Amino acid sequence: MKRTPLYEKHVEQNGKLIDFGGWELPVEYSKITEEHDAVRNAAGLFDVSHMGEITVEGEDAEKFVQHIVTNDISVLNDYQIAYTPMCYADGGIVDDLLVYKINNKKYLLVVNASNTEKDFEWMKSNNQFGDAKIENVSQDYAQLALQGPNAQSILQKLTDKNLSEIEFYHFAENVMIKDINALVSRTGYTGEDGFEIYLASADAPKLWDLLLSEGKGEGLLPAGLGARDTLRFETCLPLYGQEIDKDITPLEAGLGIFVKLAKEEFIGKEALAEQKAEGVKRRIVGFEMVERGIPRGHYEVSADGRIIGHVTTGSFAPTLKKNLGLALVEVEYAKEGTEFDIVIRNKNVKAVAIKKPFYSKKYKK
Amino acid sequence: MKLLNELKYMESHEWVKVEGNNARMGITDYAQEHLGEVVFVELPEVGAAVSAGDQIIVLESVKAASDVYAPVSGTVVEVNEALLDNPGLINESAYDNWICVIEMSDASEVDNMLSASDYEKTCE
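Rules used in this analysis
What you see as residue numbers is a count from 1 along each chain, following the sequence as written. Note on labels: chains are lettered from A, ligands numbered from 1, in written order. Under the rules for a predicted model, residues below a pLDDT of 70 receive no local features and side-chain atom pairs below 80 are neither given nor counted, while totals for whole chains, interfaces and linings still include all residues. Whether a residue is buried, exposed or partly exposed follows from its count of other C-beta atoms within 10 Å of its own C-beta, namely 20 or more, 12 or fewer, or something in between, respectively; the C-beta atoms are built from the backbone. Numbering of helices and strands runs from the N terminus; a helix is a DSSP stretch of H or I covering at least four residues, while a strand is a stretch of E covering at least two. Whether two residues are in contact depends on their C-beta atoms, placed from the backbone: they are in contact if these lie within 7 Å. These domain limits were set by an automatic method or by a database of domain assignments. Residues are grouped as follows: nonpolar covers Ala, Val, Leu, Ile, Met, Phe, Trp, Tyr, Cys and Pro; charged covers Asp, Glu, Lys and Arg; every other residue, Gly included, is treated as polar. Only buried residues count toward a nonpolar core: Ala, Val, Leu, Ile, Met, Phe, Trp, Tyr and Cys, linked into one set through C-beta atoms within 7 Å. By definition, two strands form a pair when at least two bridges between them are found by DSSP. In this description, a line fitted to the C-alpha atoms serves as the axis of each element, helices being fitted only across the stretch in contact, and the angle between N-to-C directions of two axes falls anywhere from 0 to 180 degrees. Orientation categories follow fixed angle ranges, with anything under 35 degrees roughly parallel, anything over 145 roughly antiparallel, 65 to 115 roughly perpendicular, and all other angles oblique. Take the far helix as your reference; a near helix turned counterclockwise from it by less than a right angle gives a left-handed crossing, and one turned clockwise gives a right-handed crossing.

**Re helix 3 (residues 61-68) of chain A**
All names here are of chain A.
Part 1 of the argument: Helix 3 sits mainly inside the fold: seven of its eight residues count as buried.
Part 2 of the argument: Among all positions in helix 3, only Ala61, Glu62, Phe64, Val65, Gln66, His67 and Ile68 are buried.
Part 3 of the argument: Lining the buried residues of helix 3 we find strand 4 (52-57), strand 5 (80-87), strand 6 (93-103), strand 7 (106-111) and helix 4 (116-125).

**Brief notes about the environment of A:Gly309**
Residues and elements named next belong to chain A.
Part 1 of the argument: With respect to the helices and strands, the residue Gly309 is situated in strand 16 (residues 306-317).
Part 2 of the argument: For Gly309, a count of 21 C-beta atoms within 10 Å puts it in the buried group.
Part 3 of the argument: When the C-alpha atoms of Gly309 and Leu272 are compared, they prove to be 21 Å apart, with 37 residues separating the residues in sequence.
Part 4 of the argument: Those residues within four positions of Gly309 in sequence are excluded, and the remaining contacts are Arg282, Val301, Ala327, Leu328, Val329 and Glu330.

**What to know about the domain arrangement of chain A**
Residues and elements named next belong to chain A.
Part 1 of the argument: Domain parsing of chain A yields domain 1 (7-51 + 140-234) and domain 2 (281-365).
Part 2 of the argument: Computed from C-alpha coordinates alone, the two centres of domain 1 and domain 2 are separated by 30 Å.
Part 3 of the argument: Facing 12 residues of domain 1, the contacting portion of domain 2 comprises 13 residues.
Part 4 of the argument: Listing elements by their share of the side of domain 1 that touches domain 2, those giving two or more residues are helix 2 (32-41) and helix 7 (225-234).
Part 5 of the argument: The greatest single-element share of the side of domain 1 that touches domain 2, amounting to four residues, is contributed by helix 2.
Part 6 of the argument: Its residues placed into classes, the side of domain 1 that touches domain 2 shows three nonpolar, four polar and five charged.

**What about the nonpolar core?**
Part 1 of the argument: One finds A:Val65, A:Val99, A:Leu109, A:Leu144, A:Leu146 and B:Ile102 to be the most contacted residues of the largest nonpolar core, which totals 131 residues.
Part 2 of the argument: If you count residues domain by domain, this core takes at least three from each of domain 1 (7-51 + 140-234) and domain 2 (281-365) of chain A.

**Observations concerning the sheet that holds strand 16 of chain A**
Residue and element names in this part refer to chain A.
Part 1 of the argument: Spatially, the six strands close up into a barrel ordered 14-17-16-15-18-19, and their pairing is antiparallel. Put simply, the sheet's adjacent strands are angled 45° from each other on average, direction ignored.
Part 2 of the argument: Bridging between strand 15 (residues 300-303) and strand 16 involves four bridges; their strand directions are antiparallel. For Val301, the partnering residue across the bridge sits in strand 16 and is Gly309.

**Regarding the pairing of strand 9 (residues 141-147) of chain A**
All names here are of chain A.
Part 1 of the argument: Buried residues dominate strand 9, accounting for six of its seven residues.
Part 2 of the argument: Inspection of the sheet shows strand 3 (residues 43-47) paired to strand 9 by four bridges, in the antiparallel sense. Looking at the pairing, Gly44 lines up with Gln147 of strand 9.

**Quick look at the packing of helix 2 of chain A against helix 7 of chain A**
Residues and elements named next belong to chain A.
Part 1 of the argument: Look at helix 2 against helix 7: their axes get within 8 Å of each other, and the N-to-C directions meet at 55°. In terms of orientation, helix 2 lies oblique with respect to helix 7. Both helix 2 and helix 7 take part in a crossing whose hand is right-handed. Where helix 2 abuts helix 7, its residues Ile32, Glu35, His36 and Val39 lie against Gly226, Ala227, Thr230 and Leu231.
Part 2 of the argument: Taken together, the residues of the contact of helix 2 with helix 7 break down into four nonpolar, three polar and one charged.

**Focus on the sheet that holds strand 8 (residues 133-136) of chain A**
The strands that make up a sheet are held in pairs by hydrogen bonds between backbone atoms, and each pair lies either parallel or antiparallel.
Residue and element names in this part refer to chain A.
Part 1 of the argument: Spatial strand order, 5-6-7-4-8: five strands in an open sheet with antiparallel pairing. One side of each edge strand has no neighbouring strand; the edge strands of this open sheet are strand 5 and strand 8. Averaged over all neighbouring strand pairs, the angle between strand axes comes to 25°, with direction disregarded.
Part 2 of the argument: Sheet topology note: the strand 6/strand 7 ladder contains five bridges and is antiparallel. Within strand 7, the residue paired with Asn103 across the bridge is Lys106.
Part 3 of the argument: Its contacts with the sheet place helix 3 against strand 4, strand 5, strand 6 and strand 7, and it is angled at close to 130° to strand 4.

Below you can see the structure in the form of structure tokens.
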């Protein structure tokens, strides 16, 4: 299994290590719900060094990125970030990623760990532009996510950079955190305010220790993949392989606002334009269990005596204290208030479609 | 891990307390530790006929669902309904918070169960 530069720290902190798409990472250090609550009420620190980083440089960098993603990145200012799906020609999703614009000749693309190689190959094979150099620099970067309402005050103690200047979905380069040089963005995957910090792999253990000791008084806990999943789930942020996949389009996933059909050209445009004109036939819906039971990924959804879809993510939601789920269902059943059954261990258990997100995002904008 | 000498154990991490012809059962401290926080319990129905080895209980943690098996054959005569509203009791004390009671149809099945020390060895 692959290990991040923080592997020793996870062992030191008694992290329960699991195989996460080929990476040996902690699912929890103490308890998932304790770490989850820390992020909602104070702060949590995640090792997300497994994420992939790909740089695009050159005169045609902007053209190339515009070509491969569905969102419009031409509207970005320097040091601004866009979330976007990246699609196949048929509209299915290759991956979802963050596009960091350093300038219109240099972009940093942050992709899902398990998709890094696939994405890199996909990008190279679709690079029809003269001057756009694509490099997979994942090995060089470690990434820490400091998330929660106390994230800013904790990080501010360690840097002279005025963090209030970094707005939501913006970033700064060469931020000195003590003597560590980092790229800091106000982004995250938890629904809370917070930062993602990119730095040289060799500096990661030092920053990890610095943050944890500085944050102790403000309730900071190291947090594992378990809490990362429940936090993103309550906020209804999609996870590749579950809500989004090669067989699911951004329109079906409810990510239509990140698909700019007015853009001159991008991979998947024709298929997505057609799907939009015809109307989607299935959609990701949020639901709450009415009867007792916890929905889980891949469970079938049933209504009117037949299967109408499947659960993409389901869990006990620690903040909301309810058993909730996301499911990909036929579009007629995706309306709020619609009742259907989740098939749990061969039994039909009642659920009802509810509004997304389950937990309102607390971003500082 | 915590073990009680007066109980019998299964390799599949259930404990059994023999009370006359009844077997009171739960999961071991080792099992609750590995499962993580229990957030949902599915109990068998009182009156259900079960065979040793049947999956009769489901415990769900935040991350996943785990099956619990009948250690003996017989009839379910009692279930711990307090767990429905407060599944986390199992994490607080796995031995105080029994899950169900089975009236045994073949008390000799108990003879095949493990002692505390033998069970401990299987967990190593």
